Amino acid sequence: MLFLHINDYDAFKKVLPSKLFEYGAMGKPIWAGVSGYAADFIRAELDNSVVFHPCNAADAERVFGQLRLQDETRFRFESKFARKNIVNELANDVLKTIV
């Protein structure tokens, strides 16, 4: 299992920790104490992951039981966020603005 905890500060509600991409590619369950954009991203993109409110031990304990404690390949995540796909999308966006 991979554990991520980011303190409950307003500044952290607007960021996406790059560690999430490394964690997501590993296929291990993710137990994350995050809020804001990071929490939304995890819920939408990372299967077998749970989110709890940062600094809230009771909430962390509550969601822990929802994890499947096994490795699972995240095909959808890996495909969507593969560097090759991201670079191709960026190139297409750039070409659209010049043409």
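Residues numbered from 1 in each chain as written. Predicted model: local features only at pLDDT ≥ 70, side-chain atom pairs only at ≥ 80, totals over all residues. Heavy atoms only, no water.

Visitor: I'm lost on the side chain of N48 in this one. Help?
Guide: Its location among the elements puts N48 in the loop between α2 (36-45) and β3 (49-52). A polar side-chain atom of N48 sits 2.8 Å from the main-chain carbonyl oxygen of R68. (Helix = DSSP H or I, 4+ residues; strand = E, 2+ residues; numbered from the N terminus. Polar contact = N/O pair within 3.5 Å; in protein donor to acceptor, adjacent residues only side chain to side chain.)

Visitor: I keep staring at the sheet that holds strand β2 (residues 30-33) and nothing clicks. Help me out?
Guide: Strand pairing within a sheet occurs via backbone hydrogen bonds; the two strands may be parallel or antiparallel. Taken in spatial order, the three strands make up an open sheet running β1-β2-β3, and their pairing is parallel. At either margin of the open sheet sits one strand with a lone partner, and together these are β1 (2-5) and β3. Put simply, the sheet's adjacent strands are angled 15° from each other on average, direction ignored. Examined bridge by bridge, β1 and β2 share four bridges and lie parallel to one another. In the strand pairing of β2, F3 is matched with W31. (Pairing = 2+ DSSP bridges. Axes fitted to C-alpha atoms, helices over the stretch in contact; angles between N-to-C directions.)

Visitor: Sorry if this is basic, but what is going on with a nonpolar patch on the surface here?
Guide: The grouping of L90, V94, L95, I98 and V99 at the surface amounts to a nonpolar patch, some 550 Å² of accessible area in total. Residue placement: V99 occurs in the segment after α5 (83-98). For V99, a relative accessible area of 86% puts it in the exposed group. (Patch = residues over 30% accessible without salt bridge, like charges linked within 9 Å, V, L, I, M, F, W, Y side chains within 5 Å. Areas by Shrake-Rupley, 256 points an atom, 1.4 Å probe, with all protein chains shown as cover. Salt bridge = Lys/Arg side-chain N within 4 Å of Asp/Glu carboxyl O. Buried < 20%, exposed > 50% of the residue type's maximum accessible area, 1.4 Å probe, protein only.)

Visitor: Help me understand the pairing of β1 in this model?
Guide: A regular strand carries its side chains on alternate faces of the sheet. Burial of β1 is one-sided: the residues L2 and L4 facing one way are buried, the residues F3 and H5 facing the other way are not. Regarding topology, helix α1 (residues 19-26) serves as the crossover connection from β1 to the parallel β2, and that connection is right-handed. (Right-handed = clockwise from strand over helix to strand, strands pointing away.)

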